[in-house]
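Per-entry structural report
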Amino acid sequence: MMPLRRLCCCILIICAAHVARAQMKWSQPFQAYFDQYKDLAIEQMLRYRIPASITLAQGVFESGAGRSALATVGNNHFGIKCHGWNGRTIAQDDDETGECFRAYDNPRQSYEDHSKFLAQNRRYERLFRLSMTDYRGWAHGLKACGYATNPNYANKLIEIIELYRLDRYDNAKHYDKFMAQRGGNDRPARQGETLHPIKIYNKNYYLIAREGDTFKSIGKETELSGRKIAKYNERDYHDPLHAGDVVYLKKKQKRAPKEFKRVPHIVRPGESMYTIAQRYGIRLKSLYKMNRLDPDHTLRVGDSLRIY
């Protein structure tokens, strides 16, 4: 039987851990960051044997979910300084004023350099003897090897990984190549520009339009044909886009996702066949066909529509 003093100590340690974890709350910007970069992190893991959970936790923590000046201006997501660097640089206050940090053309370059920084630096050599599923060992090892000066660095990474269940990506054998290439927005951001996050739904990729967007501008940003994007969304190339419009980047599916197999869509005020098709990532023609409706059919609020 465990001695009372030792039992009390264990209880205090467990309680302290729960309190520390409770201090970190779920954040939409953090989740959006993971959605955007998880495939890029998995790609790096499969190439360099660095846990994707560690890469994502470091990236979101060091970059403030991609919103820090270092990330938005220099595309530096990991706070790597200029030591041994011959590329572009950016000055940023850290432990001292105006320190030199590496700058990149896009986030993908930052992820690649982070992997090489760890894999090719003897200081971190012992980390690669750990299992790729041992995120705790990697977190404490990074702190012990001097990656960061923050005394709570390892615990912060572990909290992030466990809160967002990032360790599930450490067993991944495959990744979405489109998101790895473009989820990190492989084109460099221009000064003052914020690139659209690319998301996945119904086996397709989409982004949410902002006021002033056009099919031409979205095509230029994603390095896809603006005319093809308009066609995928069953629109004319010159049609205006409005803030909040869903813009798919591939041809839409004929049906909604399987979870809607026995769940009809009930028409709401202001909806049209087109907005419903866009909502579920369905081709407009297929939506009409499933419901045996003509294109001149008038929808009424409360109508029930098959979407699968």
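Residues numbered from 1 in each chain as written. Predicted model: local features only at pLDDT ≥ 70, side-chain atom pairs only at ≥ 80, totals over all residues. Heavy atoms only, no water.

Two residues of an α-helix separated by three or four positions point the same way, owing to the 3.6 residues in each turn. Between its terminal C-alpha atoms helix 5 (residues 107-119) stretches 19 Å, which fits the 18 Å expected from 13 residues at 1.5 Å a residue. Here helix 5 has its buried residues at P107, R108, S110, Y111, E112, D113, H114, S115 and L118. (Helix = DSSP H or I, 4+ residues; strand = E, 2+ residues; numbered from the N terminus. Expected span 1.5 Å × (residues − 1). Buried < 20%, exposed > 50% of the residue type's maximum accessible area, 1.4 Å probe, protein only.)

Before going further, it helps to examine the nonpolar core. When a protein is soluble and globular, its nonpolar side chains tend to lie buried together. In this structure, F34, L56, Y111, L142, Y147, I160 and L166 are the most contacted members of the largest nonpolar core, which totals 41 residues. Mapped by element, the contributors of at least two residues to this core are helix 2 (28-48), helix 3 (52-63), helix 5, helix 6 (135-144) and helix 7 (153-163). Sorting elements by how many residues they give to this core places helix 2 first, with 9 residues. Apart from residues no more than four positions distant in its own chain, Y111 is found in contact with Y33, Y37, L40, A41, Q44, T55, L56, H77 and F78. (Core = buried A, V, L, I, M, F, W, Y, C linked by side-chain atoms within 4.5 Å. Contact = heavy atoms within 4.5 Å.)

This part takes up the sheet that holds strand 4 (residues 204-208). Taken together, 3 strands build an open sheet; the order of strands is 3-4-5 and the sheet is antiparallel. Looking at strand neighbours, the two that pair on one side only are strand 3 (199-201) and strand 5 (246-248), the edges of this open sheet. Taking the axes of each pair of neighbouring strands and ignoring which way they run, one obtains an average angle of 45 degrees across the sheet. (Pairing = 2+ DSSP bridges. Axes fitted to C-alpha atoms, helices over the stretch in contact; angles between N-to-C directions.)

So, on to unusual backbone geometry. For R165, which is not a glycine, the phi torsion comes out positive at approximately 55 degrees. Looking at the element boundaries, R165 is found in the loop between helix 7 and helix 8 (177-183). One non-glycine residue, N202, adopts positive backbone phi at about 50 degrees. Positionally, N202 belongs in the loop between strand 3 and strand 4.

When strand 1 (residues 89-92) meets strand 2 (residues 99-102), the two strands line up antiparallel, connected through 4 bridges. Bridging from a neighbouring strand, A91 pairs with C100 of strand 2. Counted along the chain from strand 1 to the antiparallel partner strand 2, the turn is 6 residues long, and its residue G98 has a positive phi close to 65 degrees.

Where charged atoms from two side chains of opposite charge come close, those side chains can pair. Summed over all chains, the structure comprises 11 salt bridges. With a shortest N-O distance of 2.8 Å, E162 and R136 are connected by a salt bridge. Of the two residues, E162 is situated in helix 7 and R136 in helix 6; the sequence distance between them amounts to 26 residues. Under the relative-accessibility criterion, R136 is labelled partly exposed at 40%. A single salt-bridge network, built from bridges that share partners, covers R47, E112 and K116. (Salt bridge = Lys/Arg side-chain N within 4 Å of Asp/Glu carboxyl O.)

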